[in-house]
Every structure is written in structure tokens, then in C-alpha cells.
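# Residue-level structure breakdown
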Amino acid sequence: MNWTDNDSHIILVGILCAVACALPGCFLLLRRMSMMGDAISHAVLPGLALAFLISGTRTSWTIFVGAAVAGVLTAVFTQWISRYGKVERGAAMGIVFTTLFAIGLLLIERGAGNVDLDAKCVLYGSLELTPLHLITFFDTFLVPRAAVVVGGALIVNLIIIALFYKELTLASFDPALADTQGFRPRLMHYLLMTMVAITTVAAFEAVGSIIVIAMLIVPPATAFLITKRLPILLALSTIFAMSAAVLGHLSSHALPTLLGIPETTSSGMMATAAGIIFLMFWLGGPEGLIRQRFGKRPLLQPDFKS
Amino acid sequence: MRPEHPPEFPVSVHDLTVAYHRKPVLWDIDLNIPQGTLSGIVGPNGAGKSTLLKSCLNLIPKTSGEILIYGKPYEHQRDLIAYVPQRESVDWDFPVSALDVVAMGTYRKLGWFKRVGKSQKKQAHEALEKVGIGHLAHRQISQLSGGQQQRVFLARALVQDAEIYFMDEPFAAVDAATEQAIIELLQDLNKRGKTVLCVHHDLATVSRYFDHLVLLNMRIVASGPTQETFNRDNLQKTYGGKLQLLDDIAEALKNVGR
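Quick look at the structure, then. (Residues numbered from 1 in each chain as written. Chains lettered and ligands numbered in written order. Predicted model: local features only at pLDDT ≥ 70, side-chain atom pairs only at ≥ 80, totals over all residues.)

## Some details on the overall build of chain A
Tallying secondary structure elements over chain A gives 11 helices and two strands in all. Counting helices and strands in the order they occur from the N terminus, chain A gives α-α-α-α-α-β-β-α-α-α-α-α-α. Burial statistics for chain A: of 306 residues in total, 47% are counted as buried. Here the contacts in chain A between residues at least 6 apart in sequence split such that 71% fall between residues at least 24 apart. (Helix = DSSP H or I, 4+ residues; strand = E, 2+ residues; numbered from the N terminus. Buried ≥ 20, exposed ≤ 12 C-beta atoms within 10 Å, placed from the backbone. Contact = placed C-beta atoms within 7 Å.)

Following this line, the structure appears as C-alpha cells:
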């Protein structure tokens, strides 16, 4: 294949997006609420639409804030419904995000009419188009605008996780102890939800919500197959997310020619690549299915001391 | 300040009512836990034992009433408190080691943003040694037995270095060696003048382990020194007509010869 600047740009955006999602995704996984990423990434739609209708512009900031607020509200509503309505958490999540998503679609179809806010674009994104919006960065680098936006979200996530690593871990593992020690586990919960919302909104203009959902869930899940240490989990998730982005883009070029099928989208292939990486480790990893079935694994050391 | 709840009591509960979905779980609880006691909360399933403990720690909303820790609201006294939740309340597949979990007990003193350093790790290690599983410090927590997991929780409470220890069924489903280790630990805390408030379910061991009892079944049936409160009359009131249990009670009373 011919490697062009476009390819570099697409991969750059893909990597930044994948890593930005995978980091908060680790904490979602540990709290057993991975699907919250799915919910939030759908539910930002009415926020987008409303912010657009109220402000009448498509300037990034109003839209960004509107969508992020809607994302966090998803978490708030889910909490309320499951707590006061005695509804199971997953069901509560489903009620909230489908309703919000539908409202968002209606708002866009009805209100935004012919304006260039496209529901399809929200789902699938337009990764291939990112090289069309280039901006100069530090006066020297010419990078896609999307890379700056998504990179911004990544930096925000990195800062939050670096600052609150201990607090996020404690609140995820043992919220009751966190509470008795005064560490505000609910605040930590919403901080995580805010991270997810910001990342989703930043990413989906460029890459669509499918890849956001995939990268929130799949790389952390793959890493969790291999390690039982949190720092390594974060590192491995990052690596898997990056690999999925690179492999996804490469195969989006290679596969159609190989199989003689029409062109595929990079973001779709990145999500698929993440799934394939998961499959590989699920089957062939150190604790994988193949070894479980056919390999001889030593028993855990019995502990006679206690 | 209330005259009936003077501040020398580590835990004072005044007029507490707790309800889930408008169904009362605890009703009009009035209670003082004396300084330096090993206090057990005893009662049948669904009596509200854990709820009472969690209410003291402000973990669940009160419908009415007030709880004071050394005469002040809980929020001002967090430094004085250590909490051992029920073992099933956390996810033991969580990717942390035994040492990491014990170090969580130091977070309060560390404060926001600061990282666990050498001195916290050392404290955590010492606490693990004290509960007899120092050699398992770097095991991932899912690779520990139930008893070992319970010891990790106790070690974590130890590094919190508190005045009052709230424990939710620490003896539940542990092996005999662990049970012995826990009771030695409680007695050690007791010797150092700490107060322990412990939800307990095993009537056979109540009188050996605790010097102060709270008999609970939605209301307080009795509260006071074990010698005065642990008798057939009170137990019958607490456990009602549950025949199977009454047999257990008979057995338990026989053990203490009363």
C-alpha cells in the first residue's frame, strides 16, 4: 500500500482516541459497569442537539459542554432510577440511555432539520475525513483538528487518573471504606462518569460512538485476562488500544484488496481489531481457553501456615 | 449535648429509626457503648445488625435520630474510626495485592492526592505479619482463602490505628485458626483500651468473646454487660419462637452454666 500523510493522520487520531477511551474504561471494568460507556456515548446525543438548538451554532464549546452534561446526567438518572425505583442497575441504564438517545434523534430530525448535524455521523464517525481539517500545532506540526480535540481528552484523562489514582482505586474497590475515610466515593463515581462523557464527546465527532464503546470496553477486558495488577492493567490496556488502532487501519486497507470486497471504514476495522485481539488472548493467553483445556497447569500452592 | 448520652461514650445512638422503602428496619434505637468494651451486636437474621453498624458510620440514610462518636457527629471523628466490612461486600477479583488492600487503611492519614510510600507499605507489612499472613503480602487477593481475606481486612483496620473498631461479621465463614487469630487480635485491641463494636451471629461463642452485648431485633431487646444481658429471657425475646434457635440457645446457655 502507499503510505500517505493521510494514513499517519488517521492512525494518530485512532491511537489517541483508543487510549483516551481505554484508560477510564479500566475503571469502568473494575466497577463492573462497562456498559455505562455504551449508555453515556448514546445519551450525549440530546445534549448535542439541545446545545445546538439553543446556541444555534456548531461551535465546539457549547456543543461540547451540552453533550458532556447529558453524559453525566445519564449516570445521575441511572443512579436515581435504580435506587428509588427499585430497578436493577442494567435495566435502569437501558431505560435512561435509550430514552435520551431517542429524544436526541427526534431533536435532530425535527429541530435541526437540514443542518449539518447528522445522526449517522454520530454513530460511525468520519475518521477518513479527519485529514481534511488540519490545523497547525505549535506553529510547526500540521495535525488533524480531531487529533487536538481527542488528544486534549486524553491529557485530561491522564491528569485525572494520575491525581486521583489512589482515590479512584479505593472508591472502586471498597466504596464503604472510602466513605468512612471521607474520600467521597460518589464524587469519584461522577468524576469517572465525567471522564467518560468528555472522552466520548471529544472522540465521536471524529471516530463515531461505535469505536468509543469498543475501546472503552475491549482493551481493558483483554488486559484483565492477563494481569491481576492495576498499574499493569492500565499499561496493557493502552498497548492493546494502540495496537487495535494501528492494526485496524492497516487491515482496512489490506482486507478489501485481499478479499475483493468494497472498501471498509477504518473506525469499524479498529473496533474489529480490538475484538480479534481479545479473542486471541481469550483463546491463547496464559490463562486462555486452550491452555485450560489442554495444558497442564500447576495447582495453586496450598498454604499450610494459616 | 444530651445528658443521657455524655461524650465519654465512644458510640451513642439516640432515637434512631432506619427504613428501607418505608419499611422500618431499625426502630427507636437508644444505645450507649461504653469505653474500652468488646461489644457484640447479636440478633436473628434480618434484625438490622449490619444496618445498625452502617448507620453508625453514616453509610446509610437515617429516617430519624442521631448518632454521636465521643459526643460529636461522625463527620468530625473520622480519624477515630476503623471499619471492617462484610467480606462479601467487595470484589475479590479486583487487581490488587493483599499489601495494596491493607495500605488502603493508611489513606485517611495520607490525605487526598498523596501516594502510598515506603512508610505506608512498611505499616501494611507489619499489620499483615501481626495477623499471621506476612508471607502472602504480594498475592493477588483472589488467591487467598476466605480466612486469609478476612485477615487482610483486619490488618487494614489495624493500620487505620483507630479508637473505635466497627466490624461486620468478622467471624463469618472463617477457619478455626483464623477465628482464633481474630479473637486474639480483638483482645489485644481491648487491652490497649480500644473499643470494638462487632456484629456477631454465633450464639455459642458470644459469652466467651464479648464483655458487652447489644441484643437486637429491630428494637433493642437488651444492652449491657454480657453477664447481665445474656440470659434465656432476653434471648427468647430476641429470637422469638424460632425453635431450632431456641435449642441453640439452650446449648449456648449450658456452656456458660446459666
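## Overview of the sheet that holds strand 2 (residues 23-33) of chain B
Residue and element names in this part refer to chain B. Here four strands make up an open sheet; going across it, the order is 2-1-4-5 and the pairing antiparallel. This sheet does not close on itself; its edge strands, each paired only once, are strand 2 and strand 5 (72-73). Both strand 4 (residues 64-69) and strand 5 contribute to a ladder of two bridges, which runs antiparallel. If you follow Leu68 over to strand 5, its bridge partner there is Pro73. (Pairing = 2+ DSSP bridges.)

## Quick word on the interface of chain B and chain A
Taken together, the contacts link 27 residues of chain B with 23 residues of chain A. Where the side of chain B that touches chain A is concerned, the elements lending two or more residues are strand 6 (81-84), helix 3 (107-110) and helix 5 (146-159) of chain B. A class-by-class count of the residues in the side of chain B that touches chain A yields 16 nonpolar, eight polar and three charged. (Nonpolar A, V, L, I, M, F, W, Y, C, P; charged D, E, K, R; others polar.)

## Structural notes on the environment of Val201(A)
All names here are of chain A. Positionally, Val201 belongs in helix 8 (residues 185-226). Between the C-alpha atoms of Val201 and Ile40, which are 161 residues apart in sequence, the distance is 9.4 Å. If we ignore the near neighbours within four places in the chain, the residues touching Val201 are Val44, Phe64, Ala67, Ala68 and Gly71.

## Quick look at the packing of helix 8 of chain A against helix 10 (residues 266-284) of chain A
What describes two packed helices is the angle between their axes and the distance between those same axes. Residues and elements named next belong to chain A. For the pair helix 8 and helix 10, interaxial distance at closest approach is 9 Å and the crossing angle is 15 degrees. On the basis of their axis angle, the class for helix 8 and helix 10 is roughly parallel. In the packing of helix 8 onto helix 10, the handedness of the crossing is left-handed. Residues Val207, Gly208, Ile210, Ile211, Ala214, Met215, Val218, Pro219, Ala221, Thr222, Leu225 and Ile226 of helix 8 form the contact with helix 10, whose own contacting residues are Ser267, Gly268, Met270, Ala271, Ala274, Gly275, Ile277, Phe278, Phe281 and Trp282. Classifying every residue of the contact of helix 8 with helix 10 gives 17 nonpolar, five polar and no charged. (Axes fitted to C-alpha atoms, helices over the stretch in contact; angles between N-to-C directions. Parallel < 35°, antiparallel > 145°, perpendicular 65-115°, else oblique. Left-handed = near helix turned anticlockwise from the far one by under 90°.)

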